[in-house]
Amino acid sequence: MIAGPSAERATAALRDCRLCPRDCGVDRTLGPAGAFCRLGAQALVYKELLSLGEEAALGGPTWLVDVGGCSLRCLFCSEWQFVVRPHQQPARAIDAAWFAQRHAQRKVQGARTLSVVGGDPTPSAPGVLAALAQQADPLPLVWNCNGLVARQAWDLLDPAVAVWSIDVKFGNARCAERLAGARGFDMLGAVDGSVARALGGPRYPGLPRLIVRHLLMPGHLECCTRPVADRLAGLLAAVPVHHAVVNWMTAYVPPMDRRSRAPAAVGLSRWPDAGESARGIAIGRERLGPMLVVDGR
Ligand code: SF4
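Residues numbered from 1 in each chain as written. Predicted model: local features only at pLDDT ≥ 70, side-chain atom pairs only at ≥ 80, totals over all residues.

Novice: Mind laying out the overall build of the chain, listing which residues take part and the relevant values?
Specialist: The helix and strand inventory of the chain stands at 10 helices and nine strands. Over its C-alpha trace the chain gives a radius of gyration of 18 Å, about what one expects of a compact globule, namely 19 Å for 297 residues. Referenced to the eigenvectors of the C-alpha coordinate spread, the extents of the chain come out at roughly 50 × 40 × 30 Å. Within the chain, the fraction of its 297 residues that count as buried is 47%. Restricting to contacts in the chain with at least 6 residues of sequence separation, those with at least 24 account for 73%. (Helix = DSSP H or I, 4+ residues; strand = E, 2+ residues; numbered from the N terminus. Rg over C-alpha atoms; globule rule 2.2 N^0.38 Å. Buried ≥ 20, exposed ≤ 12 C-beta atoms within 10 Å, placed from the backbone. Contact = placed C-beta atoms within 7 Å.)

Written out as structure tokens, the structure is:
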């Protein structure tokens, strides 16, 4: 059973939104004006499915719910159109009736968990949690986020989250700014803080408390993958192996749409070289040992 935030707390967060380190301080109950994530009060779902593609540590199929909007602008984002235009078709607001019907259906089909992803779901936390709180026997919640979870969001989410799944993408502030537009706040500090805080929270039986994902980007082994491995080795040094999983993801896909000039300018418009994945995996294995899985397995 989850502990959902009170409607009053969720609404208060939306009225002065500081859910992520963008710290916009806008009133999202009036609409998305001024919100970097381009979201008003509603959580907008543009895709949902039963997925077998998540980490094996989740123990089976997950109900994957993709919500629009994000606090970053990663040049290689595969969901770009729903990041920058979260209200476009086929997005729809998550309401209690829709959520309950789909939740029941996916449970019957074998879902073991509910994985909310994006974009980034943290700006949509009030809407998602409101719908989830209506369920009598909700699926354990897996929160697949970019790690930009400010205190306001953490306090809403942590009592409800069974598994924090946090992307640790960048090894230095320069790459975070050039590749994802992370400027005006401390991206690395925020993400590492989320990883550390997740480990202090409650655990759900049979599930890891934390999944960390790192995408092996072409040309970024030394500036990103190696420093990420070093940071995680430090953050997770005292954590029992079954409490946390680090997933090195090798399926980088260069963006092929009209944004391709921007990724090209930073070397991201190509597939990884033949040896890059192997070298990246070797770096991870050396620093993280048995905690490391590759592509979820
Ligand atoms: S969730 Fe983040 S980006 Fe969106 S309005 Fe709030 S502080 Fe700004």
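Still to come is the rest of the account.
Novice: Tell me about the site of the ligand, and name the residues and values.
Specialist: In the vicinity of the ligand, 14 residues are found, and the nearest of them are Cys17, Cys20, Cys24, Cys37 and Pro123. Partitioning the shell around the ligand into residue classes produces nine nonpolar, one polar and four charged. (Near = placed C-beta within 6 Å. Nonpolar A, V, L, I, M, F, W, Y, C, P; charged D, E, K, R; others polar.)

Novice: Run through the nonpolar core, naming residues and quoting values.
Specialist: Counting 90 residues, the largest nonpolar core has Val128, Leu141, Ala153 and Leu157 as the members making the most contacts within it. The element that contributes the greatest number of residues to this core is helix α4 (residues 125-132), accounting for six residues. Look past the residues within four positions of Val128 in its chain and what remains in contact with it is Ala43, Val67, Ile94, Val116 and Pro121. (Core = buried A, V, L, I, M, F, W, Y, C linked by C-beta atoms within 7 Å.)

Novice: So what's going on with the pairing of strand β6 (residues 161-167)? Residues and values would help.
Specialist: Counting buried positions along β6 gives seven out of seven residues, so the element sits mostly inside the fold. The sheet contact formed by strand β5 (residues 141-145) and β6 spans five bridges and is parallel. Bridged to Asn144 within β6 is Ser165. Traced from β5 through helix α5 (residues 151-157) to β6, the parallel crossover comes out right-handed. In the sheet, β6 pairs with strand β7 (residues 210-215) via four bridges, with the strands oriented parallel. Pairing of Trp164 across the sheet is with Leu210, part of β7. (Pairing = 2+ DSSP bridges. Right-handed = clockwise from strand over helix to strand, strands pointing away.)

Novice: Break down the packing of helix α1 (residues 7-15) against α4 for me, with residues and values.
Specialist: Here α1 crosses α4 at 165 degrees, and the two axes come no closer than 9 Å. Between α1 and α4, the angle is such that the two are roughly antiparallel. Read as a crossing pair, α1 and α4 show a hand that is left-handed. Counting all contacts with α1, which are made through Ala7, Ala10, Ala13 and Leu14, the residues of α4 involved are Pro126, Leu129 and Ala130. A breakdown of the residues in the contact of α1 with α4 according to their chemical character gives seven nonpolar, no polar and no charged. (Axes fitted to C-alpha atoms, helices over the stretch in contact; angles between N-to-C directions. Parallel < 35°, antiparallel > 145°, perpendicular 65-115°, else oblique. Left-handed = near helix turned anticlockwise from the far one by under 90°.)

Novice: Describe the pairing of strand β1 (residues 44-51), and please don't skip the residues or the numbers.
Specialist: Where β1 meets strand β3 (residues 92-93), two bridges bridge the pair, whose relative direction is antiparallel. Bridged to Leu44 within β3 is Ala93. In this structure, β1 lies alongside strand β2 (residues 62-67), joined through six bridges in antiparallel fashion. By the bridge assignment for β2, Val45 is matched with Val67.

Novice: Describe helix α3 (residues 96-108), naming the residues involved and giving the relevant values.
Specialist: Taking 1.5 Å as the rise per residue, α3 with 13 residues should run 18 Å; its terminal C-alpha atoms sit 18 Å apart, in good agreement. Among all positions in α3, only Phe99, His103 and Arg106 are buried. Across the axial projection of α3, the buried residues extend over an arc of 75 degrees, all falling on one side. Turned more than 90 degrees away from the buried face of α3, the exposed residues are Ala97, Gln101, Ala104 and Val108. Buried residues along α3 sit against β1, β2 and α4. (Expected span 1.5 Å × (residues − 1). Arc of directions from axis to C-beta.)

Novice: Mind laying out the environment of Glu286, listing which residues take part and the relevant values?
Specialist: Its location among the elements puts Glu286 in helix α10 (residues 276-288). When the 12 C-beta atoms within 10 Å are taken as the criterion, Glu286 is described as exposed.

Novice: Tell me what's going on with the packing of helix α8 (residues 221-235) against α10, and back it up with residues and numbers.
Specialist: At their nearest, the axes of α8 and α10 sit 9 Å apart, and the two run at 20 degrees to each other. For the element pair α8 / α10, the angle class is roughly parallel. The two elements α8 and α10 cross, and the hand of that crossing is right-handed. Touching Leu221, Thr225, Arg226, Ala229, Asp230, Leu232 and Ala233 of α8 are Glu276, Arg279, Gly280, Ile283, Gly284, Arg287 and Leu288, all from α10. Here the residues of the contact of α8 with α10 sort into six nonpolar, three polar and five charged.

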